[in-house]
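# An overview of the molecular structure
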Amino acid sequence: MNIIVCIKQVPDTTEVAIDPETGTLIREGVPSIINPFDENAIEEGLRLVEKDGGKVTVLTMGPPQAEQALRQALAMGADEAILLCDRAFAGSDTLATSYALSRAIRKIGDFDLIICGKQAFDGDTAQVGPGLAEQLGIPQITYAIEVAVERKKLRVRRLLEDRFEITETRLPALITVVKQINEPRHAGLRGVMKARKADIPTWTAEDVDADPLRCGLNGSPTNVVKVFSPQRQHEGEILEGDTEEVALALVERLREAKVL
Amino acid sequence: MGIYIETDKCTGCKLCLRACPYGAIAVEEDKAHFTEDCTSCGACVSACPVGAIVMEVVRAAQVDTSQYRGIWVIAEVQDGHLAEVTLELLGKARELAEALQVPVSLVLPGDEVSGLAARAGQYGADEVYLVEHQNLAQYRTGPYTNVICGLINKHKPEIVLIGATLQGRDLASRIAARIGAGLTADCTGLEIDTEERLLRQTRPAFGGNIMATILCQQARPQMATVRPRVMKKLEPQDGQEPQIINVPVSLDAKSIATKIVEIIREEQQEVVNLQDADIIVSGGRGLKAPENFSVIRELAEAIGGAVGASRATVDAGWIPAYHQVGQTGKTVHPKLYIACGISGAVQHLAGMSTSDCIIAINTDPNAPIFDVAHYGVVGDLFEVVPALTDAFNKEFGQS
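Each value, and the rule that gives it
Residues numbered from 1 in each chain as written. Chains lettered and ligands numbered in written order. Predicted model: local features only at pLDDT ≥ 70, side-chain atom pairs only at ≥ 80, totals over all residues. Heavy atoms only, no water. Helix = DSSP H or I, 4+ residues; strand = E, 2+ residues; numbered from the N terminus. Buried < 20%, exposed > 50% of the residue type's maximum accessible area, 1.4 Å probe, protein only. Contact = heavy atoms within 4.5 Å. Buried area = accessible area lost by both parts, 1.4 Å probe. Salt bridge = Lys/Arg side-chain N within 4 Å of Asp/Glu carboxyl O. Polar contact = N/O pair within 3.5 Å; in protein donor to acceptor, adjacent residues only side chain to side chain. Pairing = 2+ DSSP bridges. Domains from an automatic or database assignment.

### Here's the deal with the overall build of chain A
Of regular secondary structure, chain A possesses six helices and 15 strands. Taking the principal axes of its C-alpha atoms as reference, chain A extends roughly 65 × 40 × 40 Å. When each of the 260 residues of chain A is scored for burial, the buried share is 54%. In chain A, 70% of the contacts between residues at least 6 apart in sequence involve partners at least 24 apart.

Put into structure tokens, the structure is as follows:
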């Protein structure tokens, strides 16, 4: 089975600090990581291939340093990695991103399954996976917590707000995975060594025959026009004193504020 | 936007006929062609085994925005009722519609859902596109996308709002990619720029540390998924009968790629829908041991709330993952959020900082959770939480 895993390099938000003066993110010196849900996607790809054979190709679109994320995926055990990198892709929104990825996947050619994380940590949109499935004209199953492949049939257990749903579809298809699907492995020393030497091809917009009018800012219908830090609408009140009095005071405050 | 058939490639196999929801393809002399009922919904494109059907790419710059008028809400039906978020969106759509002087329409796909149309009217819909079919009984990406894209292409709304539920995000992304629309995820603020006639969409990014305002100047419709529990639904108005537009569709089960085999709802009350809870009591690492979640549960019970948890406690295996609030867990917006022994890592705050009222209980006065809390108690949760449980029990008249 040929599996393509799409990943994104994101800033490590657990390391992100907030500037107390401006209330904005301090991004300098913040390490980059593979989007955590994408690590689950890689792990699931590796497990499926270990079980049924085939190979895992990891694909990312990003700046040159995104190659680091690909090496990490190779160290985990992925067979091949491709970096989609071109100034023409800069400023892509989710539509332009899914278009660019779809072009790269058409160039890769044969595939049975595409796996994405459910969403990225920085943008939180959850739009690229389904957008990509649409661009490729294949079915999508989002929020997978369990995946089984039998012949050309895919059976997925989905984790929804208040229920599980078991859905089947035919291959090729695209799934997005939730964190609970597996525990991503750590790269071993041998993997790290192999990844360090691996050849990672870089594909440009031209290499994947992408229409320049559908890439980057040109191909992005949405535009961010303003970025600001969220207003704190209140000053918190710290309640002090005897525990029981504090508890009663809290209930009183909630009643006054009509929360109860 | 257009769609066409490359006649020399067409083999006349008729698979596209089965895929077309609007009965708008005819095959004559072994060649398929579209009839005037075609909505350019695109359902036939992936059904064609020889790639003879081509959807023209929409270029935003070529869109005549003046052709697009009206505000649409796409309904989500849960257990036979309109989802709360659908009612909230109708309320918001009403407000936006006043600014634009256009009607509000609800698109209501499902099976035997006509009874819900009247309720949509009470909450602000002027008209309802009623799309009933047995193969729409359960949400599935494919048929819902096909049907709705057809309606959008035919009637050209300027704004389409969808709840940012898991279903809504699955659907909205697919629709936007097909029709080349701009889509903003998980909005918490929507307003009209009346001068430019544009929808200003505001959403949190970087786990809520930054807010971004997004415009979609050229492409139409302007699409947004909207976070549940943020917009306010209207007081229901009796006697507001919406105009109902029946949309006949044909959906052949064989042309639908996915099949729902089973739906499993766990019986234990443990599986709570955190997103729908009015009150959430959450525990963090300060609980020290898994069995101490009992303190949280008792408070939750006293106040009629659901139990939430920080990532640290879930990762440690103290409590199942569906309780997790935060960036890798659930984003919640309850009326009251009580954080007990939670320090307030960025990724946790991202999931709960928009709650109406936040109470934080923590031993560390410098914990970041106090920055978002409306009321804070610096103290030992094992003393404060039980005291609070007692106080609530007294408040609600229980011994």
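### Topic: helix α4 (residues 128-136) of chain A
In terms of residue burial, α4(A) counts as a mostly covered element, since eight of its nine residues are buried. Residues of α4(A) that are buried in the fold lie against β1 (2-7), α3 (94-108), β8 (113-117), β9 (140-150) and β12 (173-177) of chain A together with α5 (166-179) of chain B. The first or second residue beyond α4(A) is G137(A), which carries a positive phi of 65 degrees.

### A short note on the interface of chain A and chain B
In this complex, chain A contributes 78 residues to the contact, which on the side of chain B involves 81 residues. Contact between chain A and chain B buries roughly 7100 Å² in total, counting both sides, with carbon and sulfur atoms accounting for 59%. Our enumeration of links across chain A and chain B arrives at six salt bridges. A salt bridge links K179(A) to D315(B); the shortest N-O distance between them is 3.3 Å. Our count for the contact surface shared by chain A and chain B stands at 29 residue pairs in polar contact (both at pLDDT 80 or more). Residue assignment for the side of chain A that touches chain B shows that the elements contributing at least two residues are α4, β9, β10 (153-159), β11 (164-170), β14 (223-228), β15 (237-239) and α6 (243-256) of chain A. Looking at which element gives the most residues to the side of chain A that touches chain B, the answer is α6(A), with nine residues. Two strands pair when backbone bridges link them, and β14(A) and strand β14 (residues 210-215) of chain B are joined in this way by five bridges, in the antiparallel orientation. From the neighbouring strand, K226(A) faces β14(B), where its bridge partner is T213(B).

### Regarding the domain arrangement of chain B
All names here are of chain B. Examined at the domain level, chain B breaks down into domain 1 (3-56), domain 2 (62-251) and domain 3 (274-395). Distance between the C-alpha centres of domain 1 and domain 2: 28 Å. Each partner contributes residues to the interface: domain 1 has nine residues there, and domain 2 has 13 residues. Carbon and sulfur atoms supply 53% of the area that domain 1 and domain 2 bury against each other, a total of about 790 Å² over both sides. On the domain 1 side of the contact with domain 2, P21, Y22 and T39 bury the most area, a combined 55% of that side's loss. The tally of links from domain 1 across to domain 2 stands at zero salt bridges.

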